[in-house]
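# Topology and contacts: notes
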Amino acid sequence: MNSESLHKLLNLVATGKISVDDAARDLRHISFENIDFAQIDHNRSLRKGFPEVVFGQGKTAEQIISIIEKILQQEDIVLVTRVNRNKADKIKSHFPDIEYHEDARMIVFKKNKIPVQGKGNILILSAGTSDIPVAKEAYLTAENMGNQVEAVFDVGVAGIHRLFNYKKKIDDASVLIVVAGMEGALPSVVAGMVSQPVIAVPTSVGYGVSLGGLTALFAMLNSCSSNVAVVNIDNGFGAGYFASVINRMAK
């Protein structure tokens, strides 16, 4: 339940349009709801401004369907991350209106259009084409949290002149998400060009010594640009969420 729906319910009670007992029934799961294999955090929208996001990896399609059903009773949107095509098809047979984004491995279910809440633009940059799936996860997360989002792909340091072609977009962004594998250098370069916060996302893209993204992660953590924050390897969702939180506060 979000703040808007709670206020509507309380106004209905105050005006006598529904009874106290009916309102109490609607509020019985305002904290959380135990469905055996999951405890649905219905209070998250009130605390954090966005409902619980479902991590699909490791869950069965049937479990995800049950969780979505419970969340949709109180929310206008559900996001499910890390879902493969086979699992998404099973879920879509139960919810035909879901959007499945295979490149990002992400499900989006919206009852209504999401209003823009961010105060500026979020710009997502990927170093290489192979980094796009993680960048797309960040894009969809930020967009569905109510932000204006743009993306520019394949502007890594191996051809740094490509990046400079987008200098105006970079300067105009309130928050930047920079996704890179290999040596993970792009976030430091971008952060050195701007005063805005830069969220660095290391990816597991790279040859053997990249160690599944650890090399990029360490490089980003050791950035000499002071306006860089780093999320976990391949964590596009975390970057999109964090960027949205910043963008809601941005002037």
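Shown above is the structure to which this text applies.
The paragraphs below set out a description of the structure included in this document. It should be emphasised that the depicted structure is a prediction, and the values quoted were computed from it without experimental measurement. (Residues numbered from 1 in each chain as written. Predicted model: local features only at pLDDT ≥ 70, side-chain atom pairs only at ≥ 80, totals over all residues. Heavy atoms only, no water.)

### A few points about the sheet that holds strand 6 (residues 106-110)
The cut-off we apply is this: DSSP-based pairing: two strands are paired if at least 2 bridges between them are found. Strands here are runs of E lasting at least two residues and helices are runs of H or I lasting at least four, both read from the DSSP assignment and numbered beginning at the N terminus. Contacts between residues were defined by any pair of non-hydrogen atoms, one from each residue, lying within 4.5 Å. Lines fitted to C-alpha atoms define the axes, with helix axes restricted to the stretch in contact, and inter-axis angles between N-to-C directions lie between 0 and 180 degrees.
With respect to topology, 4 strands assemble into an open sheet ordered 3-4-6-5, the strand pairing being mixed. Where the open sheet ends on each side, the last strands, each with one partner, are strand 3 (54-55) and strand 5 (99-101). Pairing of strand 5 with strand 6 involves 3 bridges; the strand directions are antiparallel. Each bridged residue has a counterpart across the sheet, and for tyrosine 100 the counterpart in strand 6 is isoleucine 107. Contacting strand 4 (77-81), strand 5 and strand 6, helix 6 (residues 132-144) runs over the sheet at an angle of about 15 degrees to strand 6.

### Considering the side chain of threonine 203
The following threshold applies: Polar contact criterion, stated in full: a pair of N or O atoms within 3.5 Å, where within protein one must be able to donate a hydrogen and the other to accept it, and residues adjacent in sequence count only if both atoms are side-chain atoms.
Mapped onto the elements of the fold, threonine 203 is located in the loop between strand 10 (198-202) and helix 10 (214-221). A polar atom in the side chain of threonine 203 sits 2.7 Å from the side chain of aspartate 131.

### Regarding the packing of helix 6 against helix 11 (residues 236-249)
Under the convention used in this document: By convention the crossing between two helices is left-handed if the near helix lies anticlockwise of the far one by an angle smaller than a right angle, and right-handed if it lies clockwise. When residue character is reported, Ala, Val, Leu, Ile, Met, Phe, Trp, Tyr, Cys and Pro are called nonpolar, Asp, Glu, Lys and Arg charged, and the others, Gly included, polar.
Where helix 6 contacts helix 11, the two axes come as close as 7 Å, and the packing angle between them is 35 degrees. Once helix 6 is placed against helix 11, the crossing between them reads as right-handed. Contacts between helix 6 and helix 11 involve Val134, Glu137, Ala138, Thr141 and Ala142 from the first element and Gly236, Phe237, Gly240 and Tyr241 from the second. When its residues are assigned to classes, the contact of helix 6 with helix 11 shows 5 nonpolar, 3 polar and 1 charged.

### Details of the sheet that holds strand 11 (residues 228-230)
The strand order across the open sheet built from 5 strands is 8-7-9-10-11, with neighbouring strands paired in parallel fashion. One side of each edge strand has no neighbouring strand; the edge strands of this open sheet are strand 8 (148-152) and strand 11. Within this sheet the neighbouring strands show an average axis-to-axis angle of 20 degrees, counted without direction. Sitting on the sheet, helix 10 is in contact with strand 9 (175-180), strand 10 and strand 11, with an inclination near 160 degrees to strand 10.

### Quick notes on the nonpolar core
Selection rule: Only buried residues count toward a nonpolar core, which is a set of Ala, Val, Leu, Ile, Met, Phe, Trp, Tyr and Cys residues joined through side-chain atoms within 4.5 Å. Per-residue accessibility, obtained with a 1.4 Å probe over protein chains only, is compared with the maximum for each type, and a residue is labelled buried under 20%, exposed over 50%, and partly exposed between these values.
Formed by 21 residues in total, the largest nonpolar core has its most connected members in Ile68, Val78, Val80, Ile91, Phe95 and Ile107. Those elements giving two or more residues to this core turn out to be helix 4 (61-72), strand 4, helix 5 (85-94) and strand 6. Sort the elements by how many residues they give to this core and helix 4 lands first, with 7 residues. Discounting residues that sit within four places of it in the chain, isoleucine 107 has contacts with Val78, Leu79, Val80, Val83, Ala88, Ile91, Ile98, Glu99 and Tyr100. Core analysis: the second largest hydrophobic core is formed by 20 residues, Leu186, Val190, Val194 and Val228 among them.

### Re the packing of helix 4 against helix 5
So the rule is basically this: The labels follow the angle: roughly parallel below 35 degrees, roughly antiparallel above 145, roughly perpendicular from 65 to 115, and oblique for the rest.
Running from amino to carboxyl end, helix 4 crosses helix 5 at an angle of 40 degrees, the nearest separation of the two axes being 9 Å. By the angle between their axes, helix 4 is oblique relative to helix 5. Pair helix 4 / helix 5 crosses with right-handed handedness. Across the interface between the two elements, Ala61, Ile64, Ile65, Ile68 and Glu69 of helix 4 pack against Lys87, Lys90, Ile91 and His94 of helix 5. Classifying every residue of the contact of helix 4 with helix 5 gives 5 nonpolar, 1 polar and 3 charged.

### Some points on the packing of aromatic side chains
Which entries qualify depends on this criterion: Between the rings of Phe, Tyr and Trp (Trp by its six-membered ring), a pair exists once the centres lie within 6.5 Å; its type follows the angle of the planes, with under 30 degrees stacked, over 60 edge-to-face, and the other angles tilted.
All told, the structure shown has 3 aromatic pairs when counted by the stated rule. Consider the rings of phenylalanine 95 and phenylalanine 109, whose centres lie 5.7 Å apart with planes at 85 degrees: the pair is edge-to-face. In this pair, phenylalanine 95 sits in the loop between helix 5 and strand 5 while phenylalanine 109 sits in strand 6, placing the two residues 14 residues apart along the sequence. By relative accessible area, which is 10% here, phenylalanine 95 ends up buried. On the basis of relative accessible area, phenylalanine 109 is assigned to the buried category, the value being 12%. Between the aromatic rings of phenylalanine 237 and tyrosine 241, the centroid separation amounts to 5.9 Å while the plane-to-plane angle is 65 degrees, which identifies the pairing as edge-to-face. With phenylalanine 237 and tyrosine 241 both in helix 11, this residue pair falls 4 residues apart, about one helical turn. For phenylalanine 237, a relative accessible area of 22% gives the class partly exposed. Feature note: the residues Phe50, Phe237 and Tyr241 constitute an aromatic cluster, connected by ring pairs.

Nothing here speaks to function; it is geometry throughout.
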